[in-house]
Amino acid sequence: MTTTTGLERAAAQAYLRLMESTQAVLSDPRLEPYAAAMLTHPMAEADAALRAAGLVGNEAHLLRLVASLRASPAAERGRHG
């Protein structure tokens, strides 16, 4: 079993925020024209977090981290820490 670092957890959380933001913006037809502007910050945050954690180009590891984060009891209770 591999221990998740704080940087990896932060990257997975930033990725999840980006995915949730993207889903919210694109599911509302009134917001779609503003998608690029509204998603600039979440994209930059996720990009920086992925770089800091050394996960750029390692999507398989990132997706494993995201899956484990989503499956954690703390995440189910709404706590991410």
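Remember, it's a predicted structure, so these values are computed and weren't measured experimentally.

(A) Looking closely at helix H3 (residues 59-71). Taking 1.5 Å of rise per residue, the 13 residues of H3 would be expected to cover 18 Å, and the 18 Å separating its terminal C-alpha atoms lies within 8% of that figure. When H3 is considered as a whole, its buried residues turn out to be His61, Leu62, Leu65, Val66 and Leu69. The arc that holds the buried residues of H3, viewed along the axis, is 140°, so those residues lie on one side. Along H3, the residues that are exposed and aim more than 90 degrees away from the buried face are Arg64, Arg70 and Ala71.

(B) Expanded view of the pattern of salt bridges. All told, the structure shown has four salt bridges when counted by the stated rule. One salt bridge connects Arg17 with Glu45, and the closest N-O pair in it is separated by 2.6 Å. Remark: Glu45 occurs in helix H2 (residues 35-53) and Arg17 occurs in helix H1 (residues 6-26); sequence separation between them is 28 residues. For Arg17, a relative accessible area of 37% translates into the label partly exposed. On the basis of relative accessible area, Glu45 is assigned to the partly exposed category, the value being 27%. Here Asp28 makes a salt bridge to Arg30, at a shortest N to O gap of 3.1 Å. Using a relative accessible area of 17% as the deciding quantity, one classes Asp28 as buried. For Arg30, a relative accessible area of 66% gives the class exposed.

What counts, and at which threshold
Residues numbered from 1 in each chain as written. Predicted model: local features only at pLDDT ≥ 70, side-chain atom pairs only at ≥ 80, totals over all residues. Heavy atoms only, no water. Helix = DSSP H or I, 4+ residues; strand = E, 2+ residues; numbered from the N terminus. Expected span 1.5 Å × (residues − 1). Buried < 20%, exposed > 50% of the residue type's maximum accessible area, 1.4 Å probe, protein only. Arc of directions from axis to C-beta. Salt bridge = Lys/Arg side-chain N within 4 Å of Asp/Glu carboxyl O.

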